[in-house]
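# Residue-level structure breakdown
Spelled out from the first residue to the last, the chains are:
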Amino acid sequence: MKNIAVAGTGYVGLVTGVCMAENGHNVTCVDIDEQKVQTMRAGISPIFEAGLEELMKKNIESGKLHFTTEFAAAYKEAEAVFIGVGTPEKKDGSADLKYIATVAKQVAESLEKDCLVVIKSTVPVGTNDKIEKFINDFLVNDVRVEVASNPEFLAQGSAVKDTLEADRIVIGTESKWAEEILTSVYKPFGIPIVSVNRRTAEMIKYASNDFLALKISYMNDIANLCELVGADIQDVAKGMSYDDRIGDKFLNAGIGYGGSCFPKDTSALEFLARQHGYDLRTIKATIDINTEQKLKLFEKARQQLITFNGIKVAVLGLTFKPGTDDLREAPSLANVPLLLEQGADIYAYDPVGGDNFKEFYPEGNHSQGEITYVDNPETALEEASVCFIFTEWGEIKAITPKRYKDLMRSPLVFDGRNIYGVQEMADNGVEYHSIGRPLVKNK
Ligand code: UGA
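Treat the numbers as computed from the prediction; the structure is a model and nothing was measured.

The rules behind each value
- Per-chain numbering applies: the sequence of each chain, read as written, is numbered from 1 onward.
- Restriction of local features to residues with pLDDT of at least 70 applies here, the model being predicted, together with a cutoff of 80 or more for giving and counting side-chain atom pairs; totals for whole chains, interfaces and linings are based on all residues.
- Excluding hydrogens and water, the side-chain figures rest on all heavy atoms present in the structure.
- What counts as a helix is a DSSP run of H or I of at least four residues, what counts as a strand is a run of E of at least two, and both are numbered from the N terminus.
- Only C-alpha atoms enter the radius of gyration, while the globule expectation follows 2.2 Å times N to the 0.38, with N the number of residues.
- Relative accessibility decides the category of a residue: with a 1.4 Å probe and only protein chains considered, values under 20% of the type maximum give buried, values over 50% give exposed, and everything between is partly exposed.
- For this analysis, residues touch if any pair of their heavy atoms sits within 4.5 Å.
- The protein chains shown are the only cover counted for residues, whose accessible areas, like all others here, come from Shrake-Rupley with a 1.4 Å probe.
- For the purpose of charge, His is not counted, nor are the chain termini; Lys and Arg are scored as positive and Asp and Glu as negative.
- A charged residue contributes its charge at one atom only: NZ of Lys, CZ of Arg, CG of Asp or CD of Glu.
- Only residues whose relative accessible area exceeds 30% and that take part in no salt bridge are eligible for patches, with like-charged residues grouped when within 9 Å of each other and nonpolar side chains (Val, Leu, Ile, Met, Phe, Trp, Tyr) grouped when within 5 Å.
- A side-chain nitrogen of Lys or Arg and a carboxyl oxygen of Asp or Glu constitute a salt bridge if their distance falls within 4 Å.
- Throughout the structure description, domain borders are defined by an automatic or database domain assignment.
- Summed over both partners, the accessible area lost on bringing two parts together, with a 1.4 Å probe, is the buried area.
- Any N or O atom pair separated by 3.5 Å or less is treated as a polar contact, with the protein-specific requirement of one donor-capable and one acceptor-capable atom, and with residues adjacent in sequence counted only for side-chain atom pairs.
- Throughout, the term near means that a residue has one or more heavy atoms lying within 4 Å of the molecule or strand in question.
- Residue type decides the class: Asp, Glu, Lys and Arg count as charged, Ala, Val, Leu, Ile, Met, Phe, Trp, Tyr, Cys and Pro as nonpolar, and the leftover types, Gly among them, as polar.
- Each pair of strands is called paired provided DSSP finds at least two bridges between the two strands.
- Each axis is a line fitted through C-alpha atoms, and for a helix only the stretch in contact is used; angles between axes span 0 to 180 degrees, taken between their N-to-C directions.
- By definition, the arc is the one covered by directions from the helix axis to the C-beta atoms.
- For this analysis, a ring pair means two rings from Phe, Tyr or Trp (six-membered ring only for Trp) whose centres lie within 6.5 Å, classed as stacked if their planes differ by under 30 degrees, edge-to-face if by over 60, and tilted for the remaining angles.
- Geometrically, a lysine NZ or arginine CZ counts as sitting over a ring once it is within 6 Å of the ring centre and also within 35 degrees of the ring normal.
- Any angle from 65 to 115 degrees is called roughly perpendicular, while one under 35 is roughly parallel, one over 145 is roughly antiparallel, and all others are oblique.
- Rotating anticlockwise by less than a right angle from the far helix to the near helix defines a left-handed crossing, while the corresponding clockwise rotation defines a right-handed one.

Another point: the overall build of the protein. The helix and strand tally for the protein stands at 19 helices and 15 strands. The C-alpha radius of gyration of the protein comes to 24 Å, within 12% of the 22 Å expected for a compact globule of 443 residues. Principal axes of the C-alpha set define a box for the protein whose edges measure 80 × 45 × 40 Å. A burial count over the protein gives 53% of its 443 residues as buried. Considering only intrachain contacts with a sequence separation of at least 6, the fraction spanning at least 24 residues in the protein is 72%. Accessible area for the protein stands at about 19,500 Å²; split by element, carbon and sulfur atoms hold 51% of it. For the protein, the distance from the average position of its 48 positive side-chain charges to the average position of its 65 negative side-chain charges is 3 Å.

Structure (structure tokens):
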């Protein structure tokens, strides 16, 4: 059992802290927001994440999980401080390290005994070297501090499972001392540990995320070609997936990837390459394809309709993927403003993302159009002339093809997630446009 402090209680920090406590460590999670800390102390999670609250409550009750704003007290007791604060994207595509720098300074000023600082946040290659120097420059007491890289591979919506049952744990260290501390922290997890140097660990994170983003953009690129030549991307993906070298994951073509990771991490790696005078063409293409992909359905719909002005448009799904209330880089955010500009009367449904979306687009008039939020997808569909599907929530997948025909004024559906079979939609009298699949005419 080790004394561990975790800085930041976002997706990465909170899930890390809770899972460390679940594996027997004594964990204190630090956040600057007093209100948020109070809520978390009561076992309430500030984020929507399957299984997280149960584990929070369980470990708070057993006395292994604590929350505080008093960072100095938490850091001075810790044998390891995990930093999981955000590294948002700056305008030029580089990662903004100001939150890490703030925490690093606080850690340096608080430490009273030897401590390993572990960077969980995704940071550009070489950043851990700089953080180590920065902390040592600001140290108040004569203690040993090293920085280790320990990228996380959790996906939103399955963050707890991804952490407790990860495929691998990557640790990047520069000394036996650091490697041993981090290995012993992770031993109770019983997961293979890949131990490499710090810069390699940092690169493993980017290379993994960007490879997944590239895989999606590749499938979207092929999907667009499928449409032109009359092939079906879902069957193409199926046919590819039997090859172990390709695998069956992340082959779903759609309306493009979003979220807090792939868009940011592709830009950051491309920026890093540029800084080093290298043209990272694969990732540049990945980004370009994704940007265009998000508007593919809007463009298709625009060609199809005389106008959006005054037309009821059902928007089903707002979050960047199901299982989360996160809207970052969601395709909905690229499309809704364009629909509003064109005068659409939008009825939006999302099982959990509506409140967050309202912060960008409050209910009412915007540009030429209007947006109304509904808590039932069928209300959005009633008398609508067009429907866009942006997220494959179970509640949306549960709508049968016949309901579109029954409820809509004209059953015209643009599906960014390939939820339905093209034939079943046609058989039910729905004009159905999806991604990378043939258009089957209604009977
Ligand atoms: C991603 C990675 O999957 C995690 O391994 C990583 O740890 C995380 O980023 C991170 O760096 O923090 P996440 O962004 O939560 O996780 O979500 P994903 O499930 O990977 O989905 C990302 C986007 O890709 C979504 O918009 C999703 O709809 C899209 N996607 C995914 C597709 O369009 N097609 C697919 O086949 C799979």
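Taken together, Leu225, Leu228 and Val229 make up a surface patch of nonpolar side chains, about 340 Å² in accessible area. Accessibility expressed as a relative area gives 72% for Leu228, which makes it exposed.

With that out of the way, let us pick up the domain arrangement of the protein. Domain annotation for the protein reports domain 1 (3-196), domain 2 (205-292) and domain 3 (294-433). The gap between the C-alpha centroids of domain 2 and domain 3 is 24 Å. Residue-level contacts link 16 residues of domain 2 with 15 residues of domain 3. Both sides together, the interface formed by domain 2 and domain 3 hides about 1,200 Å², and carbon and sulfur atoms give 51% of it. A salt bridge links Lys300 to Glu227; the nearest nitrogen and oxygen atoms lie 3.2 Å apart. One can count nine residue pairs in polar contact (both at pLDDT 80 or more) joining domain 2 with domain 3. Where the side of domain 2 that touches domain 3 is concerned, the elements lending two or more residues are α9 (198-229), α10 (233-241) and α12 (281-293).

With that settled, the discussion passes to the site of the ligand. Taken together, 18 residues lie near the ligand, and Leu154, Gln156, Lys205, Asn209 and Cys261 sit nearest. Contact between the ligand and Gln156: an oxygen atom at 2.7 Å from a main-chain N or O atom of the residue. Side-chain polar atom of Lys205 to an oxygen atom of the ligand: 2.7 Å apart, as the coordinates give it. Relative to its unbound accessible area of 720 Å², the ligand is 89% covered by the protein chains. Among the elements that line the shell around the ligand, the one with the most residues is α9, at three residues. A per-class count over the shell around the ligand returns ten nonpolar, four polar and four charged.

So, on to helix α2 (residues 34-41). At the N-terminal end of α2, a side-chain oxygen is found 3.1 Å from the backbone nitrogen of Gln35, two or three residues along, and the residue is Asp33. Trailing α2 by a residue or two, Gly43 shows a phi angle of about 80°, which is positive.

Below, the discussion takes up the sheet that holds strand β15 (residues 431-433). Sheet strands line up and pair through hydrogen bonds in the backbone, either parallel or antiparallel. Ordered in space as β11-β12-β10-β9-β13-β14-β15, the seven strands form an open sheet in which the pairing is mixed. In this open sheet, the two edge strands, each paired with only one partner strand, are β11 (364-366) and β15. The mean angle between the axes of side-by-side strands here comes to 25°, regardless of whether they run parallel or antiparallel. Pairing geometry for β11 and strand β12 (residues 369-374), over three bridges, is antiparallel.

Turning next to the environment of Val170. Turning to its location among the elements, Val170 is positioned in strand β7 (residues 169-172). As for Val170 and Pro151, which are separated by 19 residues in sequence, their C-alpha atoms are 6.5 Å apart.

This next bit is on helix α14 (residues 331-341). The α-helix winds at 3.6 residues per turn, so residues separated by three or four positions along the chain end up facing the same way. Residues of α14 that are buried include every one of Pro331, Ser332, Asn335, Val336, Leu339 and Leu340, and no others. On an axial view of α14, the arc spanned by its buried residues comes to 135°, and they lie on one face. One or two residues past the end of α14 sits Gly343, with phi positive at roughly 90°.

A few words now on the packing of aromatic side chains. Considering all chains together, one arrives at 14 aromatic pairs under this definition. Between Tyr257 and Phe262 the ring centres are 5.8 Å apart and the planes differ by 85°, which places this aromatic pair in the edge-to-face class. On the basis of relative accessibility, which here comes to 5%, the residue Tyr257 falls in the buried class. What links up through ring pairs into an aromatic cluster is the set Phe298, Phe308, Phe388, Phe390 and Phe414. When the ring centre of Tyr347 is taken as origin, the NZ or CZ atom of Lys312, which lies over that ring, is 4.0 Å away.

Let us look at the packing of helix α5 (residues 98-110) against helix α6 (residues 127-138). Orientation of α5 relative to α6, taken along the N-to-C sense of each, is 40°, at an axis distance of 8 Å. One way to sum up the angle between α5 and α6 is to call them oblique. The interaxial crossing formed by α5 with α6 has right-handed handedness. Here α5 contributes Ile100, Ala101, Ala104, Lys105, Ala108 and Glu109 to the contact with α6, which in turn contributes Ile131, Phe134, Ile135 and Phe138.

In this section: the environment of Arg41. By the element assignment, Arg41 lies in helix α2. Residue Arg41 is classed as partly exposed on the basis of its relative accessible area, which comes to 40%. Spatially, the C-alpha atom of Arg41 lies 8.8 Å from that of Met56, the residues being 15 residues apart in sequence. Aside from chain neighbours lying at most four places away, what touches Arg41 is Ile60, Phe67 and Thr68. A polar contact is formed between the side chain of Arg41 and the backbone oxygen of Phe67, at a distance of 2.9 Å.

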